[in-house]
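Overview (structure and organization)
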Amino acid sequence: MKNRLRELRAELQWSQGELAEKLSVSRQTINAIETEKYDPSLPLAFKISRLFKQPLERIFTPDGD
Amino acid sequence: MSNSTTSGENERRPERAAVKRALRSFELSAWLALATLVYVITLILVRRHPGWSPSEKIAVSLVPILPGLFYLKKGIQLLRELDELQRRIQFEAWLFAAIGTVIVGTVINVFNANGLEGKWVAHGLEVGGTYLTMFLLWSVGVVIANLRYR
């Protein structure tokens, strides 16, 4: 699954550590999501969506799209 | 002033979480060490008292289960505190360790069945060997999974 997490984080000038703290996950998790090595769970995806005030489909898109 | 204090607090929060996690890990290791110590003590006690009745031997032999249960409880607590990626890493590592141990045990049994037991091949995986194999494979599994999600 593709995502715009790195781009959204950069817009707000947050570090991976800061974002990790806001989402209560490890920095490794943020890095793995940004590098698309790991797809977040639905609850975490919704948390990300709420934090960036964007709908899920504008942050995450399936690989084929 | 209050902003800088808040920012300082925020900067220290991950450190505190790391310290908390380290303490939990230490607590977990301490329970494992205690369980192992109690196991060794009970083993020595039972061997030094051959006159004990079977029920006495059973009662003493079961004592290490108590710290073992606390170890299990702490381990589950620690797993629940991990974030979802860390839980996935642990799951993959434990699966690798469990399947790997079954494979190692099976290979040794096949060697034994084919008459290769002796100097080069162990006689089955005993309890100690199983723990050691699982621990080694779990360590390898953690490294592999961490490299995968790095």
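Residues numbered from 1 in each chain as written. Chains lettered and ligands numbered in written order. Predicted model: local features only at pLDDT ≥ 70, side-chain atom pairs only at ≥ 80, totals over all residues.

1. Remarks on the overall build of chain A
Check the secondary structure of chain A and you find 5 helices and 2 strands. Secondary structure of chain A in N-to-C order comes out as β-α-α-α-α-α-β. Taking 2.2 N^0.38 as the reference for a compact globule, 65 residues should give roughly 11 Å; the C-alpha atoms of chain A span a radius of gyration of 11 Å, in line with that estimate. For chain A, the C-alpha atoms occupy an extent of roughly 30 × 25 × 20 Å along the three principal directions. Classification of the 65 residues of chain A by burial places 17% in the buried group. Within chain A, contacts between residues at least 6 apart in sequence are counted, and of these 51% link residues at least 24 apart. (Helix = DSSP H or I, 4+ residues; strand = E, 2+ residues; numbered from the N terminus. Rg over C-alpha atoms; globule rule 2.2 N^0.38 Å. Buried ≥ 20, exposed ≤ 12 C-beta atoms within 10 Å, placed from the backbone. Contact = placed C-beta atoms within 7 Å.)

2. Points about the environment of Gln77 of chain B
Along the chain, the position of Gln77 of chain B falls in helix 3 (residues 65–81). Measuring from C-alpha to C-alpha, the distance between Gln77 of chain B and Arg24 of chain B comes to 8.8 Å, with 53 residues separating the pair along the chain.

3. Brief notes about the interface of chain B and chain A
Put simply, an interface is often sized by how much accessible area is lost when its parts join up. Opposite the 8 residues of chain B that make contact, chain A presents 11 residues. Those elements that provide at least two residues to the side of chain B that touches chain A are helix 1 (2–48) and helix 4 (84–113) of chain B. By residue number, the principal contributor to the side of chain B that touches chain A is helix 4 of chain B, which donates 3 residues. By residue class, the composition of the side of chain B that touches chain A is 3 nonpolar, 1 polar and 4 charged. (Nonpolar A, V, L, I, M, F, W, Y, C, P; charged D, E, K, R; others polar.)

4. Notes on helix 4 of chain B
For helix 4 of chain B, which comprises 30 residues, the first-to-last C-alpha distance of 43 Å matches the rise-based estimate of 44 Å (1.5 Å per residue) to within 8%. Buried residues of helix 4 of chain B: Leu85, Gln86, Ile89, Ala93, Ala97 and Thr101 of chain B, and no others. Where the residues of helix 4 of chain B are buried, they touch helix 3 (27–34) of chain A together with helix 5 (127–148) of chain B. (Expected span 1.5 Å × (residues − 1).)

5. Regarding the nonpolar core
In this structure, Ile30, Ala32, Ile33 and Tyr38 of chain A together with Leu85, Ile89 and Ala93 of chain B are the most contacted members of the largest nonpolar core, which totals 14 residues. Counting only elements with at least two residues in this core, the list comes to helix 3 of chain A together with helix 4 and helix 5 of chain B. The element contributing the most residues to this core is helix 4 of chain B, with 4 residues. (Core = buried A, V, L, I, M, F, W, Y, C linked by C-beta atoms within 7 Å.)

Scope: geometric values only; no functional claims are made or implied.
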